[in-house]
Amino acid sequence: MKTIDKSFIRALKGEILDTPPFWLMRQAGRYLPEYREIRSKSRDFLDFCYTPDLAVEATLQPLRRYNFDAAILFSDILVIPDALGQKVAFKEGEGPVLEPVRSAGDVARLNGERLHDHLAPVYETISRLASSIPETTTLIGFSGAPWTLATYMVEGHGSKDFPAARTWAFSGAFSDTGFADLISLLVDAVSEYLCAQVDNGAEALQLFDTWAGVLSPSQFERWVIEPTAEIVRRVKTAHPDVPIIGFPRGAGVLYADFVRRTGVDGVSLDNGVPLDWASSVLQPLCTVQGNLDNMALLAGGQAMETETTQILDALAGGPFIFNLGHGILPQTPPEHVARLGEIIRGRNETR
Ligand code: CP3
């Protein structure tokens, strides 16, 4: 089947489909017992990501249970700092821990030369998936966007307010302190990484900018919009037909500037974006994806049904892909995901 016949790709090219395509961020992962089972075979999470047998299996697990229209490569955004030579570890119950990058000297020690060698197992995973997923399913490749990668690289761990990254970003916007060099190194690495994913069989791409919402408007322009626009330009130069979805989570009204200025084909909405605004302002500009609250999926029942129906009523009349506003939570009962699929798929028969 040609890529263009797939409903997920058609939605990203602007088509309005009777039943919207759907997939869920973090559709592979700890809420599935079969994932916990294979995950227990590796002590180290990055080793797990770099083992194609395990990463292929983790990607395919949710497809066996649910008829998602897309499969997302199983990996993590932090493979990029790892490939650039920064020390990255995932600690049980603590999340990622990195040796912080805090100065121009630290940035100069990062090295993009071994990027593709280091990420070869990820490319191998993609090419195996490209030949093994169902023919109507789209294979999504992804990367963290530069700002969100920088928050982890500079802070050295997850955070709520990112004091080190945000102060360095402010000074870096006005003088040569190294922060702009870090972002530009990340623009190079992410662009090359995404192009290599497409060369190996990824059919669509998503850029995760999970922490875009903590920036002031001027900083959002400088560290979210500008780097994303440059990545989109470079990837599109090499691969003009591959659709790209941006996810500037928490961007609020700046979602509109983001879409107008970056050239993305689709935008993933967090659960705070009002549906009427999304349909009147964003949907005329590009395909929208989203935005069920992951807590509504965890809660299930009437709340999930009502929220899902409201999203479909507001957005399914335009170019649309159903998804969550952020990744599935590990405590989510797998039956709720099955029920969600029935609501989305069953709608045309019951109307
Ligand atoms: O199914 C999928 O979505 C594909 C795989 C995927 C993972 N991480 C697997 C993962 C994807 C697309 C990501 C993206 C990611 N990773 C983001 C952006 C999206 C988002 O959710 O905001 C971010 C910020 C990260 C960084 C990250 N990875 C953190 C902060 C953590 C620890 C917190 C947590 O949820 O455990 C991870 C670990 C991680 N990445 C796990 C999985 C399945 C859990 C680790 C494990 O199984 O031991």
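Residues numbered from 1 in each chain as written. Predicted model: local features only at pLDDT ≥ 70, side-chain atom pairs only at ≥ 80, totals over all residues. Heavy atoms only, no water.

A.B. asks: Please set out the overall build of the protein residue by residue, giving values where relevant.
C.D. replies: The helix and strand inventory of the protein stands at 17 helices and 9 strands. Since a compact globule built from 351 residues should have a radius of gyration of about 20 Å, the 19 Å found for the protein is in line with a globular shape. For the protein, the spread of C-alpha atoms along the principal axes amounts to about 60 × 45 × 40 Å. Looking at the 351 residues of the protein, the share that counts as buried comes to 56%. (Helix = DSSP H or I, 4+ residues; strand = E, 2+ residues; numbered from the N terminus. Rg over C-alpha atoms; globule rule 2.2 N^0.38 Å. Buried < 20%, exposed > 50% of the residue type's maximum accessible area, 1.4 Å probe, protein only.)

A.B. asks: Account for the site of the ligand, naming residues and giving values.
C.D. replies: Taken together, 21 residues are adjacent to the ligand, and R30, Y35, D76, T210 and H326 come closest. Within the side chain of R30, a nitrogen or oxygen atom sits 2.7 Å from an oxygen atom of the ligand. Every element with two or more residues in the shell around the ligand is listed here: α2 (33-39) and β3 (95-98). Its residues placed into classes, the shell around the ligand shows 12 nonpolar, 5 polar and 4 charged. (Near = heavy atom within 4 Å. Polar contact = N/O pair within 3.5 Å; in protein donor to acceptor, adjacent residues only side chain to side chain. Nonpolar A, V, L, I, M, F, W, Y, C, P; charged D, E, K, R; others polar.)

A.B. asks: Please give an account of the environment of I38 that cites residues and values.
C.D. replies: When you line up the elements, I38 lands in helix α2. Taking C-alpha positions, I38 is 7.2 Å from L54, a pair spaced 16 residues apart along the chain. Setting aside residues up to four positions removed in sequence, I38 forms contacts with F48, L54, E57, A58 and Q61. (Contact = heavy atoms within 4.5 Å.)

A.B. asks: Tell me what's going on with helix α9 (residues 146-155), and back it up with residues and numbers.
C.D. replies: Among the 10 residues of α9, 10 are classified as buried, and the element is accordingly described as predominantly covered. Downstream of α9 by a residue or two, G156 has a phi angle that is positive, lying close to 90 degrees.

A.B. asks: Give a description of the pairing of strand β2 (residues 88-91) that names residues and reports values.
C.D. replies: Remark: a regular strand shows side chains that alternate across the two faces of the sheet. The sheet contact formed by β2 and β3 spans 4 bridges and is antiparallel. Residue pairing in the sheet places F90 in a bridge with P96 of β3. (Pairing = 2+ DSSP bridges.)

A.B. asks: Any details on helix α13 (residues 254-262)? Residues and values, ideally.
C.D. replies: Think of an α-helix as 3.6 residues a turn; residues three or four steps apart then line up on the same face. Among the residues of α13, L254, Y255, A256, F258, V259 and T262 are the ones counted as buried. Its buried side turned inward, α13 meets α12 (217-238), β6 (244-248), β7 (266-268) and α14 (275-282). At the C-terminal side of α13, G263 shows a positive phi close to 80 degrees.

A.B. asks: Residues and numbers for unusual backbone geometry, please.
C.D. replies: Cis geometry is found at the peptide bond from G290 to N291, where omega equals -20 degrees. As for its placement among the helices and strands, N291 is situated in strand β8 (residues 287-292). Of note in the backbone geometry, R26 takes a positive phi value of approximately 60 degrees without being a glycine. In this fold, R26 is placed in the loop between α1 (7-12) and α2. Taking relative accessible area as the criterion, R26 reaches 53% and is therefore assigned exposed. Its identity is not glycine, yet F162 carries a phi of approximately 50 degrees, on the positive side. Tracing the chain through its elements places F162 in the loop between α9 and α10 (163-172). On the accessibility criterion, F162 (0% relative accessible area) is buried.

A.B. asks: If you had to explain the environment of S132 to someone new, which residues and values would you point to?
C.D. replies: Mapped onto the elements, S132 comes out in the loop between α8 (120-130) and β4 (138-144). Placed 62 residues apart in sequence, S132 and L194 show a C-alpha to C-alpha distance of 20 Å. Of the polar contacts made by the side chain of S132, one reaches the backbone oxygen of R128; its length is 2.9 Å.

A.B. asks: Kindly report on the pattern of salt bridges, identifying the contributing residues and their values.
C.D. replies: Between side chains of opposite charge, pairing is possible as soon as their charged atoms come close. This model, assessed by the stated rule, comprises 18 salt bridges. Taking the shortest distance from any N to any O, the salt bridge between E221 and R261 comes out at 2.8 Å. On the criterion of sequence distance, the pair formed by E221 in helix α12 and R261 in helix α13 is long-range, its members being 40 residues apart. Of the residues examined, E221 reaches a relative accessible area of 24% and is grouped as partly exposed. You can call R261 partly exposed: its relative accessible area is 43%. A salt bridge links E230 to R233; the shortest N-O distance between them is 2.8 Å. Remark: R233 and E230 occur in helix α12; sequence separation between them is 3 residues, near one turn of the helix. (Salt bridge = Lys/Arg side-chain N within 4 Å of Asp/Glu carboxyl O.)

A.B. asks: How would you sum up the nonpolar core? Please name residues and give values.
C.D. replies: Core analysis: the largest hydrophobic core is formed by 126 residues, its most contacted members being F8, L119, F179 and L182. In contact with F179, not counting residues within four places along its chain, are W147, A150, V154, A165, W168, A169, G172 and W223. (Core = buried A, V, L, I, M, F, W, Y, C linked by side-chain atoms within 4.5 Å.)

A.B. asks: Outline the side chain of Q197, supporting the account with residue identities and numerical values.
C.D. replies: When you line up the elements, Q197 lands in helix α11 (residues 179-199). For Q197, a relative accessible area of 0% translates into the label buried. Setting aside its immediate chain neighbours within four residues, Q197 contacts L73, Y123, I126, G141, F142, A202 and L205.

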